[in-house]
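Each chain, written out:
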Amino acid sequence: MPTSSELFAEAQRYIPGGVDSPVRAYKSVGMTPRFVAKAEGAHITDVEGKTYLDFVQSWGPMILGHGHPEVLEAVRAQLELGTTYGAPTELETEAAQLVCAAFPSVEMVRFVSSGTEAVMSALRLARGYTGREKFIKFDGNYHGHSDALLVAAGSGLLTLGIPSTLGVTEGAARDTIVVPYNDLEAVEAAFTDNPDQIAALIVEPVAGNMGCVPPEPGFLEGLRALCDEHGALLIFDEVITGFRVAYGGAQEHYGVTADLTTLGKIIGGGFPVGAFGGKREIMEHLAPVGPVYQAGTLSGNPVAMAAGVATMKVLGRSGTYEELEEKGELLASGLQQAADIAGIPAFGTQVGALTCLFFTRGPVVDWKTAALADTERYAKYFCKMLDRGFWLAPSQFECCFASLAMTRAEIADAITAAEEVMSEIAVESFAAPGGS
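Since the model is a prediction, treat every value here as computed from it, not as a measurement.

Draft legend 1. Inspection of the overall build of the protein at higher detail. Looking only at helices and strands, the protein has 15 helices and 14 strands in total. Taken along the three principal axes of its C-alpha coordinates, the protein extends 65 × 55 × 45 Å. A separation threshold of at least 6 residues defines the contact pool for the protein, and within that pool the share at least 24 residues apart is 72%. Carbon together with sulfur atoms contributes 54% to the accessible area of the protein, which is approximately 18400 Å² in total.

Here's what the structure looks like:
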């Protein structure tokens, strides 16, 4: 079989940058990307035959691990019946029932094919419902790659050092108001400066696209109060946090309710999926019952719905989130300790099974403080961990995911490896000219 380097060279002849999503190119860590041959349970295997403990999980959806038997069984059964119909199925209703039961704020839900599509549709609905045009988003929060949302977005642009992106017109960005994450005063000022003009405020309740950055105490509650005061809808982008930090997402974890919620990743069980939902009064503004148009040929795809239903049912079992929380705490505390012992400045974060270790001297609370992280040091850390068999995100500004498939012993092995790696990096730093 060809090597990863050979496959990457061939891919670059036909695919821009050789990848279909920029972070996969390993550009920020100075490596050739590893091409994957297969994955099973908590592990992923490259084309050279090397197996790694997977902390990326396809960027979040493989919370049960790869190839979970109940998900595979559901998918195989559906494949025998067909892969897509472009017509309603009972599976869509079953998946919708599970989402609505998990999120009390979601009385109705519509499925789409990606998180980007979910957010784009939710914003259109918010504008149609309120009759207003502007919306507020946060620096470093990523809500997909639709034009209006690529202003001061998160991980992909941060990783590649792109402050915004060409191709987004002034008109598309005109109604986007960007404020710092975890800054209620800035949000209040934005509402004051734009009276009766803001349709919605959209936020990652736990920022997951500039690394894992939790909300400060009172931040989400403050957003809820400000939206109520100014007649705007509060949209929680729970594409990452939904069914991840709790069965009912960040809304359950923090006890704050959104008007609209966007979901993805986990609810497709590894297949392309997205969803947006909220109060019945709002959702019934969607066609065919309302005037806001939204459609999609592959929306509610039966294979994705089968995988998602199976995944949500497993996650709904007793003790699931206690286990995920324990594993997340074990990983986060272990990595922080490894950095501390080596004398390497680092700031660790954790919410449920989401973790991140920032190579920075101070706390990380927003995009400005996240961007201070030492990306060169992260690149060294990434490469050394990869060599030892641990598959991490090839970017300082992404999350690390613990899964149900991982054992505590495997996480302990990762921490031991991190201790060795941190020690090596510390020695190299002192040995370098001007090192200290």
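After that view of the structure, there is still more to cover.
Draft legend 2. Inspection of the environment of Ile282 at higher detail. In this fold, Ile282 is placed in helix H10 (residues 280–283). Owing to a relative accessible area of 3%, Ile282 belongs among the buried residues under this scheme. For the pair Ile282 and Leu233, spaced 49 residues apart in the sequence, the C-alpha separation amounts to 9.7 Å. Other than its neighbours up to four places away in sequence, Ile282 contacts Leu125, Tyr129, Leu233, Asp259 and Leu260.

Draft legend 3. Structural view of the packing of helix H7 (residues 184–193) against helix H8 (residues 219–230). Between H7 and H8, the least distance of the axes is 10 Å, while the angle of their chain directions is 10 degrees. With respect to H8, the axis of H7 lies roughly parallel. From H7, Leu184, Val187, Glu188 and Phe191 reach across to H8, where they touch Phe219, Gly222, Leu223, Leu226, Cys227 and His230. Of the residues assigned to the contact of H7 with H8, the class counts are seven nonpolar, two polar and one charged.

Draft legend 4. Representation of the packing of helix H3 (residues 90–102) against helix H11 (residues 302–315). Packing of H3 against H11 brings their axes to within 9 Å, and their N-to-C directions diverge by 35 degrees. Seen from above, H3 lies across H11 with left-handed handedness. Of the residues in H11, those touching H3 at Leu91, Glu92, Glu94, Ala95, Leu98 and Val99 are Pro302, Met305, Ala306, Val309, Met312 and Lys313. Residue classes in the contact of H3 with H11 are distributed as nine nonpolar, no polar and three charged.

Draft legend 5. Molecular detail of the sheet that holds strand E12 (residues 354–358). Overall, antiparallel pairing links the three strands, which are arranged E11-E12-E14 in an open sheet. The open sheet terminates on both sides in strands that have one partner only, identified here as strand E11 (347–351) and strand E14 (400–401). Here E11 pairs with E12 via five bridges, running antiparallel. Residue pairing for E12: Gly348 is matched across the bridge by Leu357. Running over the sheet, helix H12 (residues 320–342) touches E11, E12 and E14 and is turned about 180 degrees from E11.

Draft legend 6. Expanded view of the sheet that holds strand E10 (residues 274–278). Strand order across the open sheet formed by seven strands is E4-E10-E9-E8-E7-E5-E6, with mixed pairing between neighbours. Only two strands of the sheet have a single neighbouring strand rather than two, namely strand E4 (108–112) and strand E6 (176–179). Shown here is a sheet whose adjacent strand axes are inclined to one another by a mean of 20 degrees, direction ignored. Two elements, strand E5 (residues 134–138) and strand E7 (residues 198–203), share three bridges in a ladder whose sense is parallel. Directly across from Ile136, in E7, lies its bridge partner Leu201.

Draft legend 7. Fine view of the packing of aromatic side chains. Under the counting rule described, the total for this entry stands at eleven aromatic pairs. Between Phe103 and Phe243, the aromatic rings sit 5.6 Å apart at their centres with planes inclined by 70 degrees, giving edge-to-face as the arrangement. Here Phe243 lies in the loop between strand E8 (233–237) and helix H9 (249–254) and Phe103 lies in the loop between H3 and E4, a separation of 140 residues in the sequence. The buried category is assigned to Phe243, whose relative accessible area is 0%. Relative to Tyr247, the ring of Phe243 has its centre 4.9 Å away and its plane inclined at 90 degrees; by these criteria the two rings are edge-to-face. An aromatic cluster is built from Phe103, Phe243, Tyr247 and Tyr321, whose rings are joined through pairwise contacts.

The rules behind each value
- Residues numbered from 1 in each chain as written.
- Predicted model: local features only at pLDDT ≥ 70, side-chain atom pairs only at ≥ 80, totals over all residues.
- Heavy atoms only, no water.
- Helix = DSSP H or I, 4+ residues; strand = E, 2+ residues; numbered from the N terminus.
- Contact = heavy atoms within 4.5 Å.
- Areas by Shrake-Rupley, 256 points an atom, 1.4 Å probe, with all protein chains shown as cover.
- Buried < 20%, exposed > 50% of the residue type's maximum accessible area, 1.4 Å probe, protein only.
- Axes fitted to C-alpha atoms, helices over the stretch in contact; angles between N-to-C directions.
- Parallel < 35°, antiparallel > 145°, perpendicular 65-115°, else oblique.
- Nonpolar A, V, L, I, M, F, W, Y, C, P; charged D, E, K, R; others polar.
- Left-handed = near helix turned anticlockwise from the far one by under 90°.
- Pairing = 2+ DSSP bridges.
- Phe/Tyr/Trp six-rings, centres within 6.5 Å; stacked < 30°, edge-to-face > 60°.

Limitation: the analysis is restricted to geometry and does not speak to function.
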